[in-house]
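Listed below, chain by chain, are the residues.
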Amino acid sequence: MRNSEGADGRHRYPLRSLRIPCLWTFSTRSWLIMGLPPTQVWTREQVATRILAGDTLFVLNGNLVRVPPSWLAAHPGGHLSILHFVGRDATDEVEAFHSDETLQRMRGFIIGRVEAGEDGWEPFVPPIANGWVRRAGQDGKAQWYNEARPVRSADVSSSAPASEILLKKREEKTEECGPTLSMLQTAPNELTLKNEKMNSDAYKELHKRVIDAGLYKTRFITGYGPEVVRYTLLGVLSAVCYHYGWLVTSALLLGLFWQQLTFFAHDLGHVGVTHNWTVDRLISIFVADILGGLSIGWWVNNHNVHHLVPNHPSHDPDIQHLPFFAISPVFFNSLWSSYYKREMTFDAFGRFFISLQHKLFYVVLSLARFNLYANSWGYLAKTAFEPRRFRGGRWWWWTEIFCLGLFFVWFGAVLRGCGSWGNVLTYLLVSHVAASPVHVQIVLSHFSRSTADLGPVESFFARQLRTTVDVVCSARIEFIHGGLHLQVTHHLFPRLPRHNLREASLIVKSFAKERGLEYAEFGFIEGNGEVNGVLKQVADQLKIVHMVADSEIREAMKS
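Residues numbered from 1 in each chain as written. Predicted model: local features only at pLDDT ≥ 70, side-chain atom pairs only at ≥ 80, totals over all residues. Heavy atoms only, no water.

### Focus: the overall build of the protein
The helix and strand inventory of the protein stands at 22 helices and 14 strands. Here the protein has a C-alpha radius of gyration of 25 Å; the compact-globule value for 559 residues is 24 Å, and the two agree. Within the span of the protein, comprising 559 residues, buried residues form 56% of the whole. Within the protein, contacts between residues separated by at least 24 positions form 71% of all contacts whose residues are at least 6 apart in sequence. For the protein, the computed accessible surface area is about 25,400 Å², with 61% contributed by carbon and sulfur atoms. In the protein, 56 side chains carry a positive charge and 51 a negative one; their mean positions are 4 Å apart. (Helix = DSSP H or I, 4+ residues; strand = E, 2+ residues; numbered from the N terminus. Rg over C-alpha atoms; globule rule 2.2 N^0.38 Å. Buried < 20%, exposed > 50% of the residue type's maximum accessible area, 1.4 Å probe, protein only. Contact = heavy atoms within 4.5 Å. Areas by Shrake-Rupley, 256 points an atom, 1.4 Å probe, with all protein chains shown as cover. Lys, Arg positive; Asp, Glu negative; His and termini not counted. Charge placed at Lys NZ, Arg CZ, Asp CG, Glu CD.)

Here is the structure:
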């Protein structure tokens, strides 16, 4: 098929017929049985046809991968992490998140190769980006369902490019029975396929350097040895202080114990400790669920989506904090969350808090752990009747339910032993406030960064650098930050053991400089100032909106 090059430098492929090819032919099965990839070459129009028909397809190293519905539901990383890359080249993302063993297994889902230009595959916009998902109909068969309507910016700018698609709750039923071909087409912006392919190639070389340097090898003795000693010391000292009735000191130490364990659970959730899913998951359930009262399953599901679509107002759950925080004025529009499957309503309650968010920032974050409890139980309730996962089956769910129950048993006993209600409340608040610095650490990495949607053309490498920032600190005190201060490198290599991030970050900085990409970093105090500045800026914009609205009302009343 011939292609042409548009004014923006992209290669255009004609989308003529919508003939649906046989997806699972006898020859395809034969190739898979032999362990070899099928030889069929898929054109862009054929891929678009299959996506519109409901298939979940993405490109991996020039191969077309089809994810069966059964596997989509059983994917250990959650179905949303796949749906956000339908019709796109997900090579960098897939290789960053999966082991060589898993990548080898994926070959069984390859159905051929794609026809691409010299600048690589021109991506489609995934249906979920326009609010379209697959659900079971009344007859039990999967069909398209429009959960939200897409909204594009009327005034194109650097913060709201033409490629940006935000979602809002659909107020009335649509006449369309599924996504259309035009919805799959990307809107032009300043990015070009050629440049983003160069960024992708640079990332692959960067990843190879990290692997060759042996940075995926976990430092169990010199890395996690001191960590385990620190966890044990904090836990034991908290228990000793509790025994002698020093409740405030005990609560403070317990909070610091939780704060440090959060970093360990984070590493385990990324399978970045033993690199064995089952072993890391069992350890993380003990650490997060029993000791911390938080569901590791919820965290992994939430965090995977955050890593893949960082700082997208409609898709990244880690910046969806209404009514308490809004890091962009776009949240004034009551956007739809594709993760929480609900409208983030910007009501009077939200307007009050957002107008004061820069003043209440630390107060709200000091109590954030209570929200994590609610999210944990909400996730387990939502997944109670989901199909068995490929890894963990159903045992992971029952184990988490049991272990979360154990947490509330032991922590409830601790609170009951405090005596008076005043002591109980003091112990509860001090322990939870002492654990809150981790929440400040997390938001520093993203709240001050871009929330623009540059579309599916943007490479994984460029997207992570654009939306993430490091916190500069001495190697001697980086245990306080738990590795999360090197957030840029962590986002590029999420499975990398925490204690190797500093060495890897030096390689990343060099590469970013070569490619002319920004590697953002600031000090802890400076970062707090920048985040607070962003929150105040949004609060000030809200005041302006109120002033304009009041002026319009007065003018209307006069006329």
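### Quick word on the sheet that holds strand S3 (residues 41-42)
The pairing of strands in a sheet happens through backbone hydrogen bonds and is either parallel or antiparallel. Across the sheet, four strands lie side by side as S3-S6-S5-S4; this open sheet has mixed pairing. Each edge of the open sheet carries a strand with a single partner, namely S3 and strand S4 (56-60). Pairing of strand S5 (residues 63-67) with strand S6 (residues 110-114) involves three bridges; the strand directions are antiparallel. Among the inter-strand pairings, Asn-63 is bridged to a residue of S6, identified as Arg-113. (Pairing = 2+ DSSP bridges.)

### Things to note about the packing of helix H10 (residues 247-269) against helix H17 (residues 421-434)
Packing of H10 against H17 brings their axes to within 7 Å, and their N-to-C directions diverge by 35°. Helix-helix and strand crossings are classified by hand; for H10 and H17 the assignment is right-handed. Two secondary-structure elements touch here, H10 through Leu-247, Val-248, Ser-250, Ala-251, Leu-252, Leu-254, Gly-255, Leu-256, Trp-258 and Gln-259 and H17 through Asn-423, Thr-426, Tyr-427, Val-430, Ser-431, His-432 and Ala-434. (Axes fitted to C-alpha atoms, helices over the stretch in contact; angles between N-to-C directions. Left-handed = near helix turned anticlockwise from the far one by under 90°.)

### Details of the nonpolar core
The biggest cluster of nonpolar side chains holds 100 residues, and the ones touching the most others in it are Tyr-427, Leu-492 and Phe-493. The element contributing the most residues to this core is H10, with ten residues. If near-sequence neighbours (up to four positions away) are discounted, Tyr-427 is found in contact with Ser-238, Tyr-242, Leu-247, Ser-250, Ala-251, Leu-254, Phe-411, Val-414, Leu-415 and Cys-418. Listed in part, the 29 residues of the second largest apolar core include Ala-326, Val-469, Phe-522 and Leu-535. (Core = buried A, V, L, I, M, F, W, Y, C linked by side-chain atoms within 4.5 Å.)

### Some thoughts on the packing of helix H13 (residues 348-355) against helix H14 (residues 357-366)
With their axes 6 Å apart at the nearest point, H13 and H14 run at an angle of 95° to one another. Of the possible angle classes, the one that applies to H13 and H14 is roughly perpendicular. In contact with Phe-353, Ile-354 and Ser-355 of H13, H14 contributes Gln-357, His-358 and Leu-360. For the contact of H13 with H14, a count of residues per class yields three nonpolar, three polar and no charged. (Parallel < 35°, antiparallel > 145°, perpendicular 65-115°, else oblique. Nonpolar A, V, L, I, M, F, W, Y, C, P; charged D, E, K, R; others polar.)

### Considerations on a nonpolar patch on the surface
A cluster of nonpolar side chains, namely Leu-367, Phe-370, Leu-425, Leu-429 and Val-433, defines an oily patch on the protein surface of about 380 Å² accessible area. Of the residues forming the nonpolar patch, the biggest block, three residues, is contributed by H17. Along the chain, the position of Leu-429 falls in helix H17. (Patch = residues over 30% accessible without salt bridge, like charges linked within 9 Å, V, L, I, M, F, W, Y side chains within 5 Å. Salt bridge = Lys/Arg side-chain N within 4 Å of Asp/Glu carboxyl O.)

### What to know about the pattern of salt bridges
Enumeration over the complete set of coordinates arrives at 18 salt bridges. As a salt-bridge pair, Arg-66 and Asp-55 come within 3.5 Å of each other at their nearest N and O atoms. Remark: Asp-55 occurs in the loop between helix H2 (44-52) and S4 and Arg-66 occurs in strand S5; sequence separation between them is eleven residues. Here Glu-205 makes a salt bridge to Arg-209, at a shortest N to O gap of 3.6 Å. With a gap of four residues between them, Glu-205 and Arg-209 both fall in helix H8 (residues 193-212), about one helical turn apart. The network of salt bridges with shared partners includes Glu-227, Arg-230, Asp-267 and Arg-498.

### So, unusual backbone geometry
Geometrically, the link from Leu-322 to Pro-323 is a cis peptide bond, its omega value of 10° lying close to zero. Within the secondary structure, Pro-323 is located in the loop between helix H12 (296-308) and strand S11 (336-337). Although it is not a glycine, Val-271 adopts a positive phi angle of roughly 55°. Relative to the helices and strands, Val-271 is located in the loop between H10 and helix H11 (277-291). Despite not being glycine, Ser-334 has its phi angle at roughly 55°, a positive value. The topology assignment puts Ser-334 in the loop between H12 and S11.

### Details of the side chain of His-307
Assignment of secondary structure puts His-307 in helix H12. By relative accessible area, His-307 is classed as buried at 0%. Here His-490 takes part through its side chain, which lies 3.2 Å from a polar atom of the side chain of His-307. Filtering out sequence-adjacent residues up to four positions away, His-307 remains in contact with Phe-97, His-270, Gln-464, His-490, His-491 and Pro-494. (Polar contact = N/O pair within 3.5 Å; in protein donor to acceptor, adjacent residues only side chain to side chain.)

### What to know about the pairing of S4
With five of five residues buried, S4 is to be regarded as a mostly interior element. Residues Thr-56, Phe-58 and Leu-60 line one face of S4 and the alternating positions Leu-57 and Val-59 line the opposite face, and both faces are buried. Note: S4 against S5, five bridges, orientation antiparallel. Across the sheet, residue Thr-56 finds its bridge partner in S5, namely Val-67. Between S4 and S5, which pair antiparallel in sequence order, lie two residues; one of them, Asn-61, sits at a positive phi of approximately 50°.

### Things to note about the packing of aromatic side chains
With the rule as written, the count across this model stands at 31 aromatic pairs. Centroid distance Trp-258 to Phe-411: 5.4 Å. Interplanar angle 65°. Geometry classified as edge-to-face. Of the two residues, Trp-258 sits in helix H10 while Phe-411 sits in helix H16 (residues 395-416), which places them 153 residues apart along the sequence. Per residue, the accessibility class of Trp-258 equals that of Phe-411, and both read buried. Every member of this aromatic cluster is reached through a ring pair, and the members are Trp-258, Phe-370, Tyr-373, Trp-377, Phe-407, Phe-408, Trp-410 and Phe-411. Its guanidinium or amino end placed over the ring of Trp-144, Arg-134 lies 5.0 Å from that ring's centre, counting from NZ or CZ. The cationic tip of Lys-382 hangs over the ring face of Tyr-339; the distance from NZ or CZ to the ring centre is 5.5 Å. (Phe/Tyr/Trp six-rings, centres within 6.5 Å; stacked < 30°, edge-to-face > 60°. Lys NZ or Arg CZ within 6 Å of the ring centre and 35° of its normal.)

### Re the side chain of Glu-93
Mapped onto the fold, Glu-93 is located in helix H5 (residues 91-97). Not counting residues up to four positions away in its chain, the partners in contact with Glu-93 are Phe-85, Leu-308, Phe-460 and Arg-463.

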